Amino acid sequence: MNYGLILLLLLATSISASAGIRLPNGDIADEGDDISKVYDAWGYPDMTVSSEKTCGRVIKKKQTYCSKRRSIWKRNGMYEMIQHDGNMIIKTRSTRSERKLKKAF
C-alpha cells in the first residue's frame, strides 16, 4: 500500500473541510467573515435550525466561539451549512445528508 498517497488524501480532506464556502462571485466566505457576505450572494437561507452546540476557533479573532445557530442553503443537491454567532461565521460545512443538518461539526 502506498502510504504517501493515503497521507496526501488525508491532508487534502482536512484542508477542504476548513476552506470556507466559495460564492458565485468567486469570493470565499470563511470563519470570521460576516454572514451578510453569503446573504448578498445566495439570498436568505432555505432553513435556519437550532443545532447541537458547535465551537470553532476563529483565527482572525484569535478566539474560540460557540453557537447553536445554523443557516442552511440547498444548492445543487448539497446542503451548505454555516454555523454563526450573531453575524460572524464560526464554521462552514457541506453535506448531502439531511440527517446531519443538526449535528455538531
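As a reminder, the structure under discussion sits directly above these lines.
Residues numbered from 1 in each chain as written. Predicted model: local features only at pLDDT ≥ 70, side-chain atom pairs only at ≥ 80, totals over all residues. Heavy atoms only, no water.

Caption draft 1: Geometry of the state of the cysteines. On inspection of all chains with the given rule, the structure shows 1 disulfide. Residue pairing for Cys-55: its cysteine sulfur links by disulfide to Cys-66, the two sulfurs lying 1.9 Å apart. Every disulfide takes its handedness from the sign of the S-S torsion; for Cys-55 and Cys-66 that torsion is 105°, giving right-handed. With a gap of 11 residues between them, Cys-55 in strand E3 (residues 47-58) and Cys-66 in strand E4 (residues 63-75) connect regions that are remote in the sequence. According to the relative accessible area criterion, Cys-55 is partly exposed, its value standing at 33%. (Disulfide = S-S within 2.5 Å. Helix = DSSP H or I, 4+ residues; strand = E, 2+ residues; numbered from the N terminus. Buried < 20%, exposed > 50% of the residue type's maximum accessible area, 1.4 Å probe, protein only.)

Caption draft 2: Fine view of the environment of Arg-93. Relative to the helices and strands, Arg-93 is located in strand E6 (residues 88-95). Judged by its relative accessible area of 31%, Arg-93 falls in the partly exposed class.

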